[in-house]
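Here's the letter readout for the chains.
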Amino acid sequence: MTRRGFIAAAGASAAGEAAHAQEHGHSHDHQAVPSDLALRTKALESLLVEKGLVDRAALDALVDTYEHKIGPRNGARVVAHAWVDPAYKRRLLADANAAIAELGIPTGLQGENMLALENTPKIHNLVVCTLCSCYPWPVLGLPPVWYKSAPYRSRAVIDPRGVLAEFGLQLAGDVEVRVWDSTAELRYLVLPERPAGSENMTEDQLAALVTRDSMVGVAKVAL
Amino acid sequence: MNGVHDMGGMHGMGPIQPEKNEPVFHSPWESRVFALSRALGAWRKWNLDSSRHQRELIPPAEYLRMSYYEKWVTALIEQLVNSGLVTRAEIDSGKRARGSAKAAPPLTADKVPALIANGAPAVRNISVSPRFKTGERVRARNMHPIGHTRLVRYARGKQGTIERDHGVFVFPDSNAHFQGEKPQHVYSVRFAARELWGEQASPRDAVYIDLWDDYLEPA
């Protein structure tokens, strides 16, 4: 591929830029000079639409879903419900897909086969994908950059305690650390420990405490 | 392939850099690359495993330099050309080839909710005998295929215990190369951290790796 070709094509379609921004409800203003990648992607999308290979409205729907509808609040609802309902927790640990679906959260794309891992005072679970970026989208949304990046992918398996310390979590020597490398199509949700002092909180209040990082296993839930 | 993507256990990659209040996408082009990848997948010209392999084929220095979605768009263009959906000339010019017919996109906006809700299961509901039982000691094979594999390098030749049988799944090593799904059992295999990393590791810790039957032999 030639970059010049992309840029030339992007220039030709630059007039559509303002209309596009308006149409999708986002502004490109923060990029004073569009990056090479932005231009290449715009040219590619225009070509694919022109060829009838993609439907622009479908692209918008995909982006909207992962920007606004699917994210770690889903996982937080699952965790909070498991904390207040011991029977639900048992179902979650036995069949995560069915239990997550009970709350009206579909476990589809990149969550077809979910497993919940319970953290306890003696067992700490940590999830990684050393080979790429596998992550439980239905409950956590798309992964943050650090999860997909070389420092985390390389070290989580060889030095999990060092990684956790980098996130500010020091584990005692008698805690067993279990690292789960997502090499297949299983997707893992960590069920963090319920924090002490949260006994009188409502399920919604508990859900608000649950962080994305605690459901990956790089943090505990704090009050 | 023994590529740089297989980074479990490597040193020198620097500190982890979490970002506070990180947006889902850092720039609109990233969101478009993400959506294009999903939408084009609906043509079924490639699969999840071949897509991963295409990204692994990015040369190591480039792989480490590129941002996540730069890798995605680079691999996506290769897949578009390799599959014949788009020609290299069209990519270079940004223009549809003269006289080529306009297609109808398989993924329209109304089908997006079903795509997300149903996903693309890699489980196959067929009867295949498992080669190993829960609790059995196994060794990850010492193999170095030049094609796609999900057998991480750091586990090869190491011994572990079958913790759980996940059921029958598509086999990435053949599926990535369009050589069939070869469905077989996948297991969660527990490896003691010391088996993988030696005395420097905590005697309590373990790494659980999901491995297919063809990656394992009796220990």
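Owing to the predicted nature of the structure, the values given are computational and were not obtained by experimental measurement.

Asks: Please clarify how the overall build of chain A should be interpreted in this entry.
Replies: Looking only at helices and strands, chain A features 13 helices and four strands. Within chain A, contacts between residues separated by at least 24 positions form 71% of all contacts whose residues are at least 6 apart in sequence.

Asks: I would appreciate a short explanation of the domain arrangement of chain B in the present structure.
Replies: Bring the parts together and some accessible area is lost; that lost area is often taken as the interface size. Residue and element names in this part refer to chain B. Partitioning chain B into structural domains gives domain 1 (28-118) and domain 2 (137-218). Averaged C-alpha coordinates put domain 1 and domain 2 at centres separated by 29 Å. When the residues that make up the side of domain 1 that touches domain 2 are grouped by side-chain class, the tally is no nonpolar, three polar and three charged.

Asks: Mind showing me how you'd approach the interface of chain A and chain B here?
Replies: With 72 residues of chain A in contact, the opposing surface of chain B contributes 76 residues. Within the residue set of the side of chain A that touches chain B, elements represented by two or more residues are α1 (3-12), α3 (36-50), α4 (56-69), α9 (145-148), α10 (150-155), α11 (160-166) and β3 (176-181) of chain A. Sorting elements by how many residues they give to the side of chain A that touches chain B places α3 of chain A first, with 11 residues. A class-by-class count of the residues in the side of chain A that touches chain B yields 40 nonpolar, 17 polar and 15 charged. Summarising the sheet, β3 of chain A and strand β4 (residues 206-212) of chain B pair through four bridges and their orientation is parallel. Within β4 of chain B, the position partnered with R178 of chain A by the bridge is A206 of chain B.

Asks: What should I look at first to understand α3 of chain A in this one?
Replies: An α-helix turns once every 3.6 residues. As a result, residues three or four positions apart point the same way. Residue and element names in this part refer to chain A. Here α3 contains 15 residues, and its C-alpha end-to-end distance of 21 Å stays within 8% of the 21 Å for a straight helix at 1.5 Å per residue. Taken together, the buried positions of α3 are occupied by L39, R40, T41, K42, A43, L44, E45, S46, L47 and L48. Residue G52 follows α3 closely and has a positive phi angle near 75 degrees.

Asks: Help me out: how do you make sense of the packing of helix α5 (residues 72-84) of chain A against helix α6 (residues 86-94) of chain A in this one?
Replies: Packed helices, taken two at a time, are described by the angle between their axes plus the distance between the axes. Residues and elements named next belong to chain A. Look at α5 against α6: their axes get within 5 Å of each other, and the N-to-C directions meet at 125 degrees. Considering their axes alone, α5 and α6 lie oblique with respect to each other. Contacts from V78, H81 and A82 in α5 reach Y88, K89 and L92 in α6. Class assignment for the residues of the contact of α5 with α6 results in four nonpolar, one polar and one charged.

Asks: What is the right way to look at the sheet that holds strand β1 (residues 137-140) of chain B in this model?
Replies: Spatial strand order, β2(A)-β3(A)-β4(B)-β3(B)-β2(B)-β1(B)-β5(B): seven strands in an open sheet with mixed pairing. Each edge of the sheet is formed by a strand with only one pairing partner; in this case those strands are β2 (123-128) of chain A together with β5 (216-218) of chain B. Here the strands of the sheet are splayed against their neighbours by 35 degrees on average, with no regard to which way each runs. Sheet analysis places strand β3 (residues 184-192) of chain B next to β4 of chain B, joined by seven bridges and oriented antiparallel. If you follow V189 of chain B over to β4 of chain B, its bridge partner there is I209 of chain B.

Asks: Before we go on, may I ask you to explain unusual backbone geometry in this structure?
Replies: Across the chain, the bulk of peptide bonds are trans and the bulk of non-glycine residues have phi less than zero. All names here are of chain B. A positive phi angle, close to 55 degrees, is found at F178, a residue other than glycine. On the secondary structure map, F178 appears in the loop between α7 (172-175) and β3. A tally of 11 C-beta atoms within 10 Å means that F178 is categorised as exposed. The residue K182 is not glycine, and still its phi comes out positive at about 40 degrees. Among the structural elements, K182 can be located in the loop between α7 and β3.

Asks: Would you mind going over the nonpolar core with me for this structure?
Replies: Side chains of nonpolar character tend, in soluble globular proteins, to be buried together. Residues L189 of chain A together with L36 and L211 of chain B are the most contacted members of the largest nonpolar core, which totals 111 residues. It is helix α1 (residues 28-41) of chain B that contributes the most residues to this core, seven residues altogether. Once residues lying within four places of it in the same chain are set aside, the contact partners of L189 of chain A are G75, V78, A96, M114, A116, P136, V139 and M215 of chain A.

Asks: I tried to follow the pairing of β1 of chain B on my own but got confused; where do I start?
Replies: Along any regular strand, the residues point their side chains to alternate faces of the sheet. All names here are of chain B. The alternating pattern of β1 places V138 and A140 on a buried face and R137 and R139 on a face that is not buried. Across three bridges, the pairing between β1 and strand β2 (residues 159-169) is antiparallel. Directly across from R137, in β2, lies its bridge partner T161. Two elements, β1 and β5, share three bridges in a ladder whose sense is antiparallel. Paired with A140 across the bridge in β5 is L216.

Asks: When you look at the confidence of the model for chain A in this model, what are you seeing that I'm missing?
Replies: Interpretation of this model should avoid reading the predicted coordinates in detail wherever pLDDT is low. For chain A, mean pLDDT is 89; residues scoring 70 or higher make up 85% of the total. Per-residue pLDDT stays below 50 along residues 1-32 of chain A; that stretch engages in 37 contacts with residues further than four places along the chain or on separate chains.

Asks: Before we go on, may I ask you to explain the packing of α4 of chain A against α1 of chain B in this structure?
Replies: Contact pair α4 of chain A / α1 of chain B: the axes reach a minimum separation of 9 Å and the direction vectors enclose 115 degrees. Seen from above, α4 of chain A lies across α1 of chain B with right-handed handedness. Residue-level inspection shows A58, L59, L62, V63 and E67 of chain A of α4 of chain A in contact with α1 of chain B, the latter providing S31, R32, A35, L36, R38 and A39 of chain B. In terms of residue class, the contact of α4 of chain A with α1 of chain B is built from seven nonpolar, one polar and three charged.

Calculation criteria
Residues numbered from 1 in each chain as written. Chains lettered and ligands numbered in written order. Predicted model: local features only at pLDDT ≥ 70, side-chain atom pairs only at ≥ 80, totals over all residues. Helix = DSSP H or I, 4+ residues; strand = E, 2+ residues; numbered from the N terminus. Contact = placed C-beta atoms within 7 Å. Domains from an automatic or database assignment. Nonpolar A, V, L, I, M, F, W, Y, C, P; charged D, E, K, R; others polar. Pairing = 2+ DSSP bridges. Expected span 1.5 Å × (residues − 1). Buried ≥ 20, exposed ≤ 12 C-beta atoms within 10 Å, placed from the backbone. Axes fitted to C-alpha atoms, helices over the stretch in contact; angles between N-to-C directions. Parallel < 35°, antiparallel > 145°, perpendicular 65-115°, else oblique. Core = buried A, V, L, I, M, F, W, Y, C linked by C-beta atoms within 7 Å. pLDDT = per-residue confidence, 0-100. Left-handed = near helix turned anticlockwise from the far one by under 90°.

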